[in-house]
Amino acid sequence: MAIDASAVGRVYPPQPYEVSREKVREFAEAIGDMNPVYVDVEAARQHSHDEVVAPPTFVMIPVMRGFDILMEDLGIEFARVVHVDQRFTYSRPLIVGDRLETTTTLDAIRQVAGNDLLTIRNDVRAAESEHVCTAQATLLIRPEENGDV
Amino acid sequence: MSDLAVGQVVADQEYLITRENLVRYAGASGDFNPIHWNDRVAKSVGLPGVLAHGMLTMALAGRLLTDWVGDPAAVVEYSVRFSRPVVVPDDDHGVAVHVAATVTDVRPDGLVAVELAVKVDEQKVLTQARALARPPQR
């Protein structure tokens with residue numbers, strides 16, 4: 001079954017996420033990134049940041065929460081999803097202590113060779129609606145009965 | 001003013017991805033899709049084996065960027081297309097991902113556009129991998 005085309009334009013309730021020191025450290029270590037700005041406040045201050053900052057792709061953690069509610073709404077199981085592309089546009093890096101809200105919008109649906117291609121925008125904002133990052137993704141959703149694998 | 005020129009390779013590095021890296025990335029990112037850690041599941045959905053998270057490959061290419069610019073805040077835009085899966089063998093060595101960044105534009109506003117070549121065995125695993133950044137001050 002193709003995904004309901006009337007879902008285009010749907011905007012999901014903002015999802016909260018708090019950026020914590022230990023999660024930033026864990027993420028930096030997981031990608032093997034030893035840059036001290038991810039763990040050491042003094043190093044971050046040398047770049048004029050008040051606190052430790054997160055690696056650029058860390059923002060995918062709050063963005064994934066937006067994906068989760070969209071997929072639940074559209075009845076899409078995780079196993080059918082292929083990540084096609086990803087774009088991040090930053091106003092500033094994520095910083096420890098940020099209380100973020102991610103708003104997810106389904107911008108478009110296209111059908112290609114029996115698959116649905118979803119264009120999804122996630123706007124990540126901090127306190128007082130300050131823009132932090134916009135994440136745009138294309139997800140390919142394989143059909144439910146997948147007999148050819 | 002920047003002394004960078006279009007066509008200049010500003011950074012070039014090889015990264016290894018092992019199964020251990022996938023487990024760590026799964027935990028850190030919260031992406032527990034079993035195709036990134038379970039051979040049985042990966043094969044059952046027609047994949048050649050356990051794959052690296054696309055976002056991990058994107059993060060490694062992002063490391064090259066932030067190592068070059070120094071301050072992660074200098075990265076203004078970063079985008080990729082996941083064009084080819086990265087199979088991670090169940091051995092001690094893992095798979096080598098080679099990343100190189102080449103300047104494609106030096107803008108009047110001081111921002112520099114770079115194209116990232118991200119390859120495994122000379123084949124691109126990310127395409128349209130591009131970033132816009134404030135270059136490091138020399």
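Please refer to the structure higher up on the page.
These notes cover the structure that comes with them. (Residues numbered from 1 in each chain as written. Chains lettered and ligands numbered in written order. Predicted model: local features only at pLDDT ≥ 70, side-chain atom pairs only at ≥ 80, totals over all residues. Heavy atoms only, no water.)

At the junction of the two partners, chain B supplies 30 residues and chain A supplies 32 residues. Between chain B and chain A, roughly 2700 Å² of surface is buried when both sides are summed, and carbon and sulfur atoms account for 58% of that area. Interface area lost by chain B to chain A is led by Ala28(B), Met55(B) and Pro72(B), which between them contribute 18%. Put simply, chain B and chain A have 3 salt bridges between them. For the salt bridge of Glu29(A) with Arg24(B), the shortest nitrogen-to-oxygen distance reads 3.9 Å. Linking chain B with chain A are 11 residue pairs in polar contact (both at pLDDT 80 or more), by the criterion used here. Elements supplying a minimum of two residues to the side of chain B that touches chain A: α1 (19-29), α3 (54-69) and β2 (75-82) of chain B. Across the side of chain B that touches chain A, the residue classes break down as 15 nonpolar, 8 polar and 7 charged. (Contact = heavy atoms within 4.5 Å. Buried area = accessible area lost by both parts, 1.4 Å probe. Salt bridge = Lys/Arg side-chain N within 4 Å of Asp/Glu carboxyl O. Polar contact = N/O pair within 3.5 Å; in protein donor to acceptor, adjacent residues only side chain to side chain. Helix = DSSP H or I, 4+ residues; strand = E, 2+ residues; numbered from the N terminus. Nonpolar A, V, L, I, M, F, W, Y, C, P; charged D, E, K, R; others polar.)

Bringing the pairing of strand β5 (residues 131-141) of chain A into the picture now. All names here are of chain A. Within β5, 9 of the 11 residues are buried, which leaves it mostly tucked inside the rest of the structure. Here strand β2 (residues 81-90) pairs with β5 via 9 bridges, running antiparallel. Residue Val-81 lies in a different strand from β5, and its bridge partner there is Ile-141. Across 10 bridges, the pairing between strand β4 (residues 115-125) and β5 is antiparallel. Looking across to β5, one finds that Ile-120 is bridged to Ala-137. The turn joining β4 and β5, which pair antiparallel and follow one another in sequence, is formed by 5 residues; a positive phi near 55° is taken by Glu-128. (Buried < 20%, exposed > 50% of the residue type's maximum accessible area, 1.4 Å probe, protein only. Pairing = 2+ DSSP bridges.)

Our next topic: the pattern of salt bridges. Per the stated rule, a full pass over the model turns up 18 salt bridges over all chains. A salt bridge links Arg107(B) to Asp109(B); the nearest nitrogen and oxygen atoms lie 2.5 Å apart. The class for Arg107(B) is partly exposed, based on a relative accessible area of 27%. One continuous salt-bridge network, built from bridges that share partners, spans Glu29(A), Glu20(B) and Arg24(B).

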